[in-house]
Amino acid sequence: MNSSWPWTGVLRSLVELRSSEALLTQYVAVVAGVRHALDDWIPASHFQAFCELMAQHGLSVKADCVFKPLVNDSTLEGKNLAPTTQAAGLPFPEGMDDSPRTRVHVIVSSRTDWAEETLAAAWYPVFVDRRIVRKPLVDHRRLGIAFGYPDCCVDFFIKHNDWPRFNTLADAARASTRLRWETNCLLKHSPWSTLFHMPCSFDCQATIDYSRKLLSALKEWDVGYTKHIQASLQQSFLVISERLAYVLIDATVKDEARAVYNKALFVGAAAEHDSYGEVLSQGNELEVSDGVVFIYNNGKLIHTVETHCDQGIAEVPLLLNFE
Amino acid sequence: MKESDIFARFNCLSVVIRYERFLAIRLIDSVQSLQAQTPDVCEQSDFRENWLLVEQLPADILFQAAAQPLLGSWLRTHEALTRVGAYVRYPNAQPVRHLKDFARILLSWIGSSAPNTEGLVPVMGRQVFPLLSGKRLLVLKERMASAKLLWRVKNRVLNITLPRIGTIAEVDLTDPHRSDTLDSHCFLMTPPVRDGIRFDVFTPEFGGDCGYESSLKKFERLQPLFENAIAQLSTGQQQFVTSLCRCVTVNSNLGWIAGLINLSESGEELTAEGLVEQVCRDFAQRVLKITPIDLSAVTADVPEGVGQAVIRLFARRLTARIFGKEVSAGDERIWERVRSTILSTKHGERLLGELGEEVSGGSLPVHPSGRIVLPLTNVLQRAGIENVPPLTLRKTRVNSNSAVDWGVLDSLAFLSPLEFEKISEKDLGNPNAGESNAYCAAIICYLQGRFRDCQQYLLTCLEFDCDVEEYWHLLAFTFRYLGEMPDFERIIFMRERTVSSVSRRPKLDQHQMSSGVA
């Protein structure tokens, strides 16, 4: 895979074993005690090596179950109930194979009791046979607490994590008086994030403290990486929903509704959700009004993006400029 | 069987009329409710003013409009936005735009019977504006973000202007082909009509707002297929199709709208058979809408939800009969399951009758009750938790593939830990007195983190009815919290459903609170 950064040491090993550069800072957070535990999806073929690496650093690993891609999924009921990941679940270790898309859902922690507590609440919605298996909502709260996320953010997430009805990012923005870069969660699917939780506001002090402690610990590992993270988080973003957001490169935000930009890069989890990257790339200015993103090229209107709240996800377009 | 006999089995015209009347009532009801609940956004979007105009129009205009997919499209979106609370939570996103879009609908209603009146339509980047119920389309040559079209009816002539430019179009409402446009800014086009069915991929509400040029390419590619499909219909098929279908479009992102047949981008369905099947689906959808039946409350062993299965199978089976083909054995098997399930549901016989099915009843199996009322509301009120709606469990059967119903548990997940503390299963009286009591007790224990106690109550529930996935799944999750993963896996992955195989454990102390691990 192409690297975004010259990884070294254990960070490099994590990238290679996981075939992913995301979530690295959260491993640092677990080692440094900033959070209690994390969950991740490890390629089955590297699971043993991953466990050995974790053990070398005093970390405990608990396996939950095996994830495999869905097959014949066009008529599966309940796909809308697992909007971020859609996979088939199998027991561990029976479901393991060497296929590159087979992954083990694991919990990692510096303490066995934290790992067990997190495992109990960490079930992720998957299809078993042809039924989607979900946990009750109260377990999401238990998981957030087990991870060690700020209580205020966990409570906020529980109330707002209902994609058809709520837009968590818009609600967090509404609860904010400032947009602090330490609370920027929009890059969580990239290596350049201090957060994996959704903050209750973009000036949540508990989240700010979390980010600062994490970066302080990370400096011991890679100073350059720390600086790059901060620079990445201090940018402007066009946000439509949790899975549809863009960072605006070299942007000047004129007011809360207009921005001039050089480039727009998709920052969501899955490339298949990048609906507007192409049209944004044809423009250099955008305006948000009445749930529409108007895209201009040198003053001429060239595209309109009409966002929706009636199609399963509450889309609320916003310009967020993190200071 | 002759085609005429097939069509005689259901009353198409009656369904259409009832559906359209119901749509008009839905519109008026929902608008009254909207204006009462969110007057600010109605004001801000000029919706209030536009609705006042509607109230001044002759009554038959609204009933004619109810027959057109454009109003159905607007109402469908409006009801969806209302359902998810978008007008209250995010009024300045799609909701305000949608209310502004009502001005487009209103403009499309202006016809020869309209009085002298005027209005404004925000452009909001659109290029295509339906006129005369979609018979003609006004196309702006340039995209504009914030401009507004001003329209005025005077002496049965519709005049449309843009500020700073002036009149861009004039249409004689008594003879729509007598029109005039300012060619530098716009033109009028007429979507083709064949046997009363319009082919329209341009109107944004139908084709999606992909820009006029992209729509034109789609149109040029698919119009010949549309013409060919219509030409191949027999007389009876044509009558059936035109009784329901007003317009055909192509938009993979569009849900069902009555009277609007939506075909795939590939054009595969643009055959006579494809068209008929889509119209059959439309008929079934309408029947489901006007029949007071709640199919969300029932489950059956079918690949998709019961409602979706009814629509899909009705359409396939009827189309096969119309074209003299065999229905597949698989489809027939699934249909029998669906039919049995519907017959066990309130108003199920009526639904099947509307769909032209024989309903002789009698020997059909009666399914156990699929929904139980949970006596939690009083318990919560005694704990000082008010405004809790009636709580019910929709039982998911082991053999179905539906997601389990966590509705009750999830509705209580927002309570604070302090509020959880106040609830006790003792307030149910005897928690083991009945299935619903036992499930309520199980819910309380799960919320409070008393997983061993929760297990005891769930085992009691399973003794009453072991064919309930909610009981099994909740039991499985208690095993996770008790560190007994093998038992979780037996239930979830190996689908163990034998009550005797789940051994009873000694009760732990009551009220043992934890973060979730025993």
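Computed from a prediction, not measured in an experiment: that's the story for all the values here.

Undergrad: Help me out: how do you make sense of the overall build of chain A in this one?
TA: Looking only at helices and strands, chain A has ten helices and 15 strands in total. Computed over the C-alpha atoms, the radius of gyration of chain A is 20 Å, within 12% of the 20 Å expected from 2.2 N^0.38 for a compact globule of 323 residues. Over its C-alpha atoms, taken along the principal directions, chain A stretches across nearly 60 × 50 × 35 Å. Burial status across chain A gives 58% buried among its 323 residues. Taking the contacts inside chain A whose residues are at least 6 apart along the sequence as the reference set, 63% of them involve residues at least 24 apart. Once the 30 positive and 39 negative side-chain charges of chain A are each reduced to a mean point, those two points are 2 Å apart.

Undergrad: Teacher, can you tell me more about the overall build of chain B here?
TA: A tally of helices and strands in chain B yields 22 helices and 14 strands. The principal-axis extent of the C-alpha atoms belonging to chain B is close to 85 × 60 × 35 Å. For chain B, buried positions account for 58% of its 518 residues. For chain B, the proportion of contacts with a sequence separation of at least 24, taken over those separated by at least 6, is 63%.

Undergrad: Explanation requested: the sheet that holds strand β12 (residues 260-263) of chain B in the structure shown.
TA: Adjacent strands of a sheet pair through backbone hydrogen bonds, lying either parallel or antiparallel. All names here are of chain B. Spatially, the four strands line up as an open sheet ordered β9-β10-β11-β12, and their pairing is mixed. Edge positions in the sheet fall to β9 (193-194) and β12, since each of these pairs with one other strand and no more. Against the sheet, helix α10 (residues 212-231) contacts β9, β10 (197-199) and β11 (247-250), and its axis sits at roughly 160° relative to β10.

Undergrad: Can you walk me through the interface of chain B and chain A in this structure?
TA: One frequent convention defines the size of an interface as the accessible area lost when the parts assemble. Taken residue by residue, the interface counts 60 residues in chain B and 54 residues in chain A. Note on chain B versus chain A: buried area summed over both sides is about 4800 Å², and carbon and sulfur give 54% of it. The three residues of chain B that bury the most area against chain A are Tyr90, Arg480 and Phe493 of chain B, which together make up 15% of that side's buried surface. Viewed at the interface, chain A and chain B are joined by six salt bridges. With a closest N to O distance of 2.6 Å, Lys100 of chain B and Asp290 of chain A form a salt bridge. Taken together, the connections running from chain B to chain A amount to 28 residue pairs in polar contact (both at pLDDT 80 or more). Of the residues contributing to the side of chain B that touches chain A, the split by class is 32 nonpolar, 14 polar and 14 charged.

Undergrad: Before we go on, may I ask you to explain the pairing of strand β1 (residues 37-43) of chain A in this structure?
TA: Within a regular strand, side chains alternate between the sheet's two faces. All names here are of chain A. In terms of residue burial, β1 counts as a mostly covered element, since six of its seven residues are buried. Judged from the seven bridges that link them, β1 and strand β4 (residues 103-109) form a sheet pairing that is antiparallel. Residue pairing in the sheet places Asp40 in a bridge with Val106 of β4.

Undergrad: Sorry, what's going on with the sheet that holds strand β5 (residues 157-162) of chain B here?
TA: Residues and elements named next belong to chain B. Spatially, five strands are ordered β1-β4-β5-β6-β7 in an open sheet, and the strand pairing comes out antiparallel. Sheet topology places β1 (117-122) and β7 (179-181) at the edges, where each strand pairs with a single neighbour. Strand-to-strand, the axes of this sheet are offset by a mean angle of 20°, without reference to chain direction. Pairing geometry for β5 and strand β6 (residues 166-172), over six bridges, is antiparallel. Bridge pairing in β6 places Val157 opposite Asp172. Contacts between helix α8 (residues 94-109) and the sheet are confined to β1, β4 (148-154) and β5, with β1 contributing the most and set at about 135° to the helix.

Undergrad: When you look at the packing of helix α2 (residues 12-37) of chain B against helix α12 (residues 272-290) of chain B in this model, what are you seeing that I'm missing?
TA: Helix-helix packing is characterised by the crossing angle of the two axes and by the distance between the axes. All names here are of chain B. It is at 10 Å that the axes of α2 and α12 come closest, and there the two elements cross at 55°. Considering the angle they form, α2 stands oblique to α12. The crossing of α2 and α12 is left-handed. From α2, Cys12, Val15, Val16, Arg18, Tyr19, Glu20, Phe22 and Arg26 reach across to α12, where they touch Phe283, Arg286, Val287, Lys289 and Ile290. Within the contact of α2 with α12, the residues separate by chemical class into eight nonpolar, no polar and five charged.

Undergrad: Looking at this structure, how should I read the pattern of salt bridges?
TA: Pairing is possible between side chains of opposite charge, provided their charged atoms come close. According to the stated counting rule, one finds 47 salt bridges over all chains in the structure shown. In this structure, Arg97 of chain B engages Glu306 of chain A in a salt bridge whose closest nitrogen and oxygen atoms are separated by 3.8 Å. You can see Arg97 of chain B sitting in helix α8 and its partner Glu306 of chain A sitting in strand β14 (residues 300-306), one on each of two chains. Considered together, Arg97 of chain B and Glu306 of chain A belong to a single accessibility category, that of buried residues.

Undergrad: Just checking my understanding: could you explain the packing of aromatic side chains for this structure?
TA: The description of an aromatic ring pair rests on the distance of the ring centres and on the angle between the ring planes. What the rule picks out here adds up to 39 aromatic pairs over all chains. A ring pair is formed by Tyr27 of chain A and Phe50 of chain A, whose centres lie 6.3 Å apart and whose planes are at 80°; its orientation type is edge-to-face. On the criterion of sequence distance, the pair formed by Tyr27 of chain A in helix α2 (residues 24-31) and Phe50 of chain A in helix α3 (residues 47-56) is long-range, its members being 23 residues apart. The two residues Tyr27 of chain A and Phe50 of chain A agree in class, both being buried. The interplanar angle of 5° and the centroid separation of 4.3 Å between the aromatic rings of Phe451 of chain B and Tyr481 of chain B together place this pair among those described as stacked. A residue pair is termed long-range when its members are at least 10 positions apart, and Phe451 of chain B in helix α20 (residues 451-464) and Tyr481 of chain B in helix α21 (residues 469-481) qualify at 30 residues. Clustering of aromatic rings is evident, with ring pairs tying together Phe187, Phe199, Phe202, Tyr212, Phe219 and Phe226 of chain B. In this structure, Arg89 of chain B is placed above the aromatic ring of Phe166 of chain A, and the distance from its NZ or CZ to the ring centre is 4.1 Å.

Undergrad: Please clarify how the packing of α21 of chain B against helix α22 (residues 485-492) of chain B should be interpreted in this entry.
TA: All names here are of chain B. Where α21 contacts α22, the two axes come as close as 7 Å, and the packing angle between them is 160°. Classified by the angle their axes make, α21 and α22 are roughly antiparallel. Considering how the two elements wind past one another, α21 and α22 form a crossing that is left-handed. Every residue of α22 that contacts α21 at Trp472, His473, Leu475, Ala476, Phe477, Phe479 and Arg480 is listed here: Met485, Asp487, Phe488, Ile491 and Ile492. Here the residues of the contact of α21 with α22 sort into nine nonpolar, one polar and two charged.

Undergrad: Whenever I open this one, the nonpolar core confuses me. Can you help?
TA: What tends to happen in soluble globular proteins is that the nonpolar side chains get buried as a cluster. Of all hydrophobic cores here, the largest spans 128 residues; its most connected members are Trp109, Leu149, Trp151, Leu158, Phe240 and Val338 of chain B. A per-element tally of this core places α12 of chain B first, with ten residues. For Trp151 of chain B, the residues in contact, after removing those within four places along its chain, are Leu53, Leu106, Leu107, Ile110, Thr117, Glu118, Gly119, Leu120, Val121, Leu158, Asn159 and Ile160 of chain B. Ile107, Ala115 and Val128 of chain A together with Phe420 of chain B belong to the second largest nonpolar core, which has 74 residues in total.

Undergrad: Would you take a moment to explain the environment of Asn401 of chain B for this structure?
TA: Residue and element names in this part refer to chain B. Structurally, Asn401 can be placed in the loop between β14 (391-394) and α17 (407-412). On the basis of relative accessible area, Asn401 is assigned to the buried category, the value being 11%. Distance from Asn401 to Gly196, taken between C-alpha atoms, is 42 Å for residues 205 residues apart in sequence.

Undergrad: Would you mind going over α2 of chain B with me for this structure?
TA: Spacing of three or four residues puts side chains on the same side of an α-helix, whose turn is 3.6 residues. Spanning 26 residues, α2 of chain B covers 37 Å between terminal C-alpha atoms, matching the ideal 38 Å at 1.5 Å per step. What α2 of chain B keeps buried is the set Cys12, Val15, Val16, Tyr19, Glu20, Leu23, Ala24, Arg26, Leu27, Ser30, Val31 and Leu34 of chain B.

Undergrad: Before we go on, may I ask you to explain unusual backbone geometry in this structure?
TA: Trans peptide bonds make up the majority, and among non-glycine residues the majority have a negative phi. Residue and element names in this part refer to chain A. Across the junction of Phe92 and Pro93, the peptide omega takes the value 5°, indicating a cis bond. With respect to the secondary-structure elements, Pro93 resides in the loop between β3 (87-91) and β4. Even without being a glycine, Asp129 presents a positive backbone phi close to 55°. On the secondary structure map, Asp129 appears in the loop between β5 (126-128) and β6 (131-133). The phi dihedral of Asn298 is positive, around 50°, even though this residue is not glycine. Here Asn298 is to be found in the loop between β13 (292-297) and β14. Look at Asn298 and you get exposed, because its relative accessible area is 64%.

Undergrad: Help me understand the confidence of the model for chain B in this model?
TA: Low pLDDT means the predicted coordinates in that region are not meant to be read closely. All names here are of chain B. Averaged over all residues, the pLDDT of chain B equals 87, while 93% of them reach at least 70. This stretch, residues 362-368, has a pLDDT under 50; its non-local contacts, to residues over four places away or in other chains, come to five contacts. Considering only residues more than four positions removed or in separate chains, one finds that residues 505-518, a stretch of pLDDT under 50, has 36 contacts. As a predicted assembly, this complex carries a pTM of 0.89 together with an ipTM value of 0.91.

Here is what the cut-offs are and how they apply
Residues numbered from 1 in each chain as written. Chains lettered and ligands numbered in written order. Predicted model: local features only at pLDDT ≥ 70, side-chain atom pairs only at ≥ 80, totals over all residues. Heavy atoms only, no water. Helix = DSSP H or I, 4+ residues; strand = E, 2+ residues; numbered from the N terminus. Rg over C-alpha atoms; globule rule 2.2 N^0.38 Å. Buried < 20%, exposed > 50% of the residue type's maximum accessible area, 1.4 Å probe, protein only. Contact = heavy atoms within 4.5 Å. Lys, Arg positive; Asp, Glu negative; His and termini not counted. Charge placed at Lys NZ, Arg CZ, Asp CG, Glu CD. Pairing = 2+ DSSP bridges. Axes fitted to C-alpha atoms, helices over the stretch in contact; angles between N-to-C directions. Buried area = accessible area lost by both parts, 1.4 Å probe. Salt bridge = Lys/Arg side-chain N within 4 Å of Asp/Glu carboxyl O. Polar contact = N/O pair within 3.5 Å; in protein donor to acceptor, adjacent residues only side chain to side chain. Nonpolar A, V, L, I, M, F, W, Y, C, P; charged D, E, K, R; others polar. Parallel < 35°, antiparallel > 145°, perpendicular 65-115°, else oblique. Left-handed = near helix turned anticlockwise from the far one by under 90°. Phe/Tyr/Trp six-rings, centres within 6.5 Å; stacked < 30°, edge-to-face > 60°. Lys NZ or Arg CZ within 6 Å of the ring centre and 35° of its normal. Core = buried A, V, L, I, M, F, W, Y, C linked by side-chain atoms within 4.5 Å. Expected span 1.5 Å × (residues − 1). pLDDT = per-residue confidence, 0-100.

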